[in-house]
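Take a look at the letters that make up each chain.
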Amino acid sequence: MNPKRKLLIAGNWKMNPAPAGFDADDSPFRSRKNVDVAVFPTFLDLRRCIDAGIPCGPQFGRPEPTGAFTGDISMAMAAKLGCQYALCGHSDRRQFHHETDEEIAKQFVAAIDNNLIPIFCFGETESEHDAGKTIEVLKRQLQPIITILTGSLSLTADRFSLAYEPVWAISRGDPNKPAATSKDAQEIHALIRSLLPKDKQASTRILYGGSMKGSNAAELLAQPDIDGGLVGGASLKIDDFRKIVEAAEKNGQNNG
Ligand code: PGA
């Protein structure tokens, strides 16, 4: 990882209760000197994370501040509650809620407008991967975000992050699912970085997501273009998540 980019390890609890001990004083969900840490709980647990001083955000937020959108909350509401982050475009949302690239781009802008740090998630499915369409799909998903970043010279890279999540590597509860190899992930991350506007290339954090765990985090995080992780399954196991954060911390120290 580039010494100028501080690693971010984010836990995505999806539709699961907060793991026991998440709010302990020595909880791995607390940010450290060299590593930013954040959590994405269900809406029901946001307040508990905020009260425990754990940086967090919603797994989804609408761009409209209020309105007739049954079942949703808005980015503005999450910000008012005290959230610092927001997920945008997770593959579960794309698959089960049919969110489009354009809708996700609006969420991204709304998060920034409300002083939340959006983590824009994107990645190819297994069939797209097998059909050799990875680069084509990533370019299509990224295009609206690149347009936004290109038009906002004043938008510094500390106000957003990207997360490359190859859908075929996401564990969906299977602890034995292999992650992308660190070599393959690095190649894609470098390509993604090259697609960003020149003024944002060196400073933008690009996280990797998809079966990151204690046993493979150090190798993935050692890659020069991997700037952290979006962690699902392993974020529900406090000890495993702690190993990931510790690997990130070591990496940060090595980078001075
Ligand atoms: P996983 O999930 O770490 O369980 O593969 C990652 C994600 O879906 O964000």
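Residues numbered from 1 in each chain as written. Predicted model: local features only at pLDDT ≥ 70, side-chain atom pairs only at ≥ 80, totals over all residues. Heavy atoms only, no water.

Caption draft 1: Structural context of the side chain of Asp-92. Locating Asp-92 in the fold gives a position in helix H3 (residues 91–96). Side chain to side chain, Asp-92 and Arg-172 meet in a polar contact 2.6 Å long. The residues touching Asp-92, leaving out its near neighbours within four places in the chain, are Lys-14, His-97 and Arg-172. (Helix = DSSP H or I, 4+ residues; strand = E, 2+ residues; numbered from the N terminus. Polar contact = N/O pair within 3.5 Å; in protein donor to acceptor, adjacent residues only side chain to side chain. Contact = heavy atoms within 4.5 Å.)

Caption draft 2: Seen up close, the pairing of strand E5 (residues 161–164). Burial along E5 is two-sided: the residues Ser-161 and Ala-163 and Leu-162 and Tyr-164 are all buried. By the bridge criterion, 4 bridges tie strand E4 (residues 117–122) to E5 in an arrangement that is parallel. Residue Phe-122 lies in a different strand from E5, and its bridge partner there is Tyr-164. Judged from the 3 bridges that link them, E5 and strand E6 (residues 206–209) form a sheet pairing that is parallel. Across the sheet, residue Tyr-164 finds its bridge partner in E6, namely Tyr-208. (Buried < 20%, exposed > 50% of the residue type's maximum accessible area, 1.4 Å probe, protein only. Pairing = 2+ DSSP bridges.)

Caption draft 3: Representation of the state of the cysteines in the model. Counted by the stated rule, this structure contains 0 disulfides. For Cys-49, which is in no disulfide, the shortest distance to another cysteine sulfur is to Cys-56 and amounts to 4.9 Å. (Disulfide = S-S within 2.5 Å.)

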